[in-house]
Number of protein chains: 2
Amino acid sequence: MSLVVVGSVAYDGVTTPAGKIDRMLGGACTYIALSASYFTKTDIVAVVGDDFAQEDTDLLASRNIGLEGLERVPGKCFFWAGVYSEDMNDRETITTDLNVFANFSPKLPEAYKTQPYLMLGNIQPALQKVVRDQMPGALLTGGDTMNFWINDFRAELLETLKGWNFLLINDSEARLLSGESNLKKAAAKIRALGPKILVIKRGEYGATLFHENGYFAVPGFILDSLKDPTGAGDCFAGGFIGYLASRGVSMDSAAPLDLGRAVVYGSVMGSFCCEEFGVDRFRTLTRDEIEARFEEFRVFTAF
Amino acid sequence: MSLVVVGSVAYDGVTTPAGKIDRMLGGACTYIALSASYFTKTDIVAVVGDDFAQEDTDLLASRNIGLEGLERVPGKCFFWAGVYSEDMNDRETITTDLNVFANFSPKLPEAYKTQPYLMLGNIQPALQKVVRDQMPGALLTGGDTMNFWINDFRAELLETLKGWNFLLINDSEARLLSGESNLKKAAAKIRALGPKILVIKRGEYGATLFHENGYFAVPGFILDSLKDPTGAGDCFAGGFIGYLASRGVSMDSAAPLDLGRAVVYGSVMGSFCCEEFGVDRFRTLTRDEIEARFEEFRVFTAF
C-alpha cells in the first residue's frame, strides 16, 4: 500500500577514506524513498531549487516514485558537505547551505492525505506534525529526528512524537531523548512519549526494535568494502516502513515477527547503500539482490 | 570433556556507576573457569599469594574446579583497581600491583597434559606458548590477548598464535593486530596467522565469529540493569569453550552451528556476569537459568 515520505531532497559533497565526491544527489527523503520503492508505491513531499538536475528527477521517476509533492522553487537546493573519519563511524560537517530548504513548508497533495503510510524524515518537528495532522487515517505513521531537535526543540518534538506509531533513532539520540543510559529503560521512557514501536539504529552493530511484548535485535551485515555511509540510516528507514507497507501492517496488527523482518529488510537496505557513494547503488540494485541478502541474514544469524 | 584454563587469579577493586567494591575475587582465569564450569569439568593453572582467602578457594571448589594447578607462593595476589565510565564502555586503571603474578610461570600438572581442551587467558604470549606446547594432543586450543602484547610483543604473540585454533579478542584489538579497519579483511588476516576460528567480542553490541565458511553474528543481550562489566569478556570465553568442550567438538569437527551456539552461550555467560559485582552472580547462577537465557536469545533474534 502507498507510502508518503517527507523530508529533504538535496545535494551532498562527501569525503570518505574510499574517495571524494564534490556533488551528488542526497537528502533523507531521497534515500528513504529510493529504498522504500523496492517494496511499495512511494510518493515524496519535498522542495528543490531550480538547480535540481533532470537526471535526478529521472532517477526518482525510474523507481516509480510519485513526484506530485516535489515542489520546485527559485533558488538552490539544500547542500551539505562532510568528511568521514577513518572508520567511517563519525563525520564532520564542512558545509550546510539550507538554501530553498530554509523555508520548506511541506505541501501535501490532496490525494496523498488518504494514503495509509507516512514516514517523516528528519526535519523540524513542527513541520512533521503539520503533515501528520493532515493524514489522521494513516495505518502507520512515524519518523526520524536528531540531537539538534532533541536538545533545542524538545517541547515541540515531544508534542510531535505523541502522534507517531514508530520512531527511528540511534543509540546516542535515544539516550539523549530519554536521559537514561540503560537502553531498556531508555526505550520504555521513549515508548511512553507516543511511538509504541521504537527502532534504535546502531550503525555497523545492527539495530534493535522495542515493542509492546519485548524486543528484537539483529547484528549488522559485515560488508566486504564500505565506500560511503551517507544515507544508510535513511535507507534503513525506507526498507523498514516499505516492508511493513507492502504487508499492509497497521499499528494494531503489527506482530513481532513482522516488525523483526522489517528491521532485517531495513538492515539489508542500509548495507547496500554503503557499498557505493550516495545513491549510486540504487541505480543497479534489484529486488532479487535484496531477497538474497535477506537470506544471508538468516544464515549468519542461525544457531 | 575436561578443560584446562590458564591465567590470572586476582583481587580487584572496582568503581562503577552502580557502586564501589574495594576488594573482590577476580582475574581472567577465575572468570573463565567459573563460567566454563557450568558446561564441563574445568581445571585451572594459576598462582596466588598467601593472602588468597579460603572462601575464594571454597567458591572455586564448589563449582568442582580442579585446583591442583593453583600454585601458592609467599607474597600477595595480583591486585587491579579501576573506575568505569558512566556508560561502562570504558574504564581507567587506578592500580596494577602484579605482586606474585610478576613471576608467574605456569606449571601444568602431569595429568592435565593429556586433557583435550585448553583456554589461555590473557598473559604474556611466551608463557601461553609454553603451556600450549605441553598439550600437543589437545582437540581445541585457544585464548585471549590484549593491545599491550599486540603492540609491544608482536613477534612473540605471532609465534604463539600459530599454535592456536581459536582467538577471542575485541574489535579494536582485531583492527590493531591486523592493521585493517574493515572487519572482514581484518578477520581474514588474523585467521591466516593461525587461529582458524576468530571470535570478535563487541561488548554490549554482541559478538561475531569468523570461520572457514563465513561468519556468525549475535547481538548483545539487553540487561535490565548492569552493575559491573568486569570479567564479562572472560565469562564469554568460558561459556564459548565450555560449551564446545561439553559437545566434544574438535577443530576438524567444528560445524558452523556448534560455533554459533558456543557464541550464544558465551554471550549468555557474559550477560549474567554483568548483573552483579565481580563473580557474585556465579554464587547463585544455575544451569536452568543459563538455558532459559539461551532461549531468550532465540526469541529476540527470531525473524
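The sections below set out a description of the structure shown in this document. Here the structure is a predicted model, which is why all the values come from computation and not from measurement.

Sheets are built from strands paired through backbone hydrogen bonds, the pairs being either parallel or antiparallel. Residue and element names in this part refer to chain B. One open sheet holds the 4 strands; their spatial order is β3-β2-β6-β7, and the pairing between them is mixed. Across the chains shown, the open sheet's two edge strands, defined by having one partner strand only, are β3 (19-26) and β7 (91-97). Strand-to-strand twist in this sheet, taken as the mean axis angle between neighbours without regard to direction, amounts to 15 degrees. With 6 bridges joining them, strand β2 (residues 10-16) and β3 adopt antiparallel strand pairing. By the bridge assignment for β3, threonine 16 is matched with glycine 19.

Let us look at the relation of the copies chain A and chain B. Its rotation angle being 180 degrees, the transformation that places chain A on chain B also includes 0.0 Å of axial translation and leaves an RMSD of 0.0 Å. When the rotation and shift are considered jointly, the pair of chain copies conforms to a two-fold rotation axis. Minimal C-alpha separation from the rotation axis in chain A is found for proline 219 of chain A, amounting to 2.5 Å. Interface overlap between copies: 100% of the residues of chain A at the interface are likewise at the interface in chain B, consistent with a symmetric, same-surface contact.

So, about the packing of helix α8 (residues 232-246) of chain B against helix α9 (residues 256-273) of chain B. All names here are of chain B. Contact geometry of α8 with α9 gives a least axis separation of 7 Å together with a crossing angle of 145 degrees. Handedness of the α8/α9 crossing: right-handed. Residue-level inspection shows Ala232, Gly233, Cys235, Phe236, Ala237, Gly238, Gly239, Phe240, Tyr243 and Leu244 of α8 in contact with α9, the latter providing Asp258, Arg261, Ala262, Val263, Tyr265, Gly266, Ser267, Val268, Met269, Gly270 and Cys273. Each residue belonging to the contact of α8 with α9 can be placed in one class, and the counts come to 13 nonpolar, 6 polar and 2 charged.

This next bit is on the environment of isoleucine 44 of chain A. Residue and element names in this part refer to chain A. Looking at where isoleucine 44 falls in the secondary structure, it is placed in strand β4 (residues 42-48). Sequence separation between isoleucine 44 and glutamate 71 is 27 residues, and the spatial gap between their C-alpha atoms is 9.8 Å. The residues touching isoleucine 44, leaving out its near neighbours within four places in the chain, are Val5, Cys29, Ala33, Ile65, Gly66, Leu67, Gly69 and Leu70.

Residues and elements named next belong to chain A. Regarding helix α6 (residues 171-178), the residues found buried are Glu173, Ala174, Leu177 and Ser178. With its buried residues spanning 120 degrees around the axis, α6 presents them on a single face. Buried residues along α6 sit in contact with α4 (147-152), β10 (166-170), α7 (183-191) and β11 (197-201). The first or second residue beyond α6 is glycine 179, which carries a positive phi of 70 degrees.

Residues and elements named next belong to chain B. Here the phi dihedral of asparagine 64 falls at roughly 65 degrees; this positive angle occurs in a residue that is not glycine. With respect to the secondary-structure elements, asparagine 64 resides in the loop between α2 (54-62) and β5 (66-72). Classification of asparagine 64 as exposed rests on a count of 10 C-beta atoms within 10 Å. The residue methionine 88 is not glycine, and still its phi comes out positive at about 65 degrees. Classification of methionine 88 as buried rests on a count of 21 C-beta atoms within 10 Å.

Reading the values: the criteria
Residues numbered from 1 in each chain as written. Chains lettered and ligands numbered in written order. Predicted model: local features only at pLDDT ≥ 70, side-chain atom pairs only at ≥ 80, totals over all residues. Pairing = 2+ DSSP bridges. Helix = DSSP H or I, 4+ residues; strand = E, 2+ residues; numbered from the N terminus. Axes fitted to C-alpha atoms, helices over the stretch in contact; angles between N-to-C directions. Least-squares fit on C-alpha atoms with pLDDT ≥ 70 in both. Contact = placed C-beta atoms within 7 Å. Left-handed = near helix turned anticlockwise from the far one by under 90°. Nonpolar A, V, L, I, M, F, W, Y, C, P; charged D, E, K, R; others polar. Buried ≥ 20, exposed ≤ 12 C-beta atoms within 10 Å, placed from the backbone. Arc of directions from axis to C-beta.

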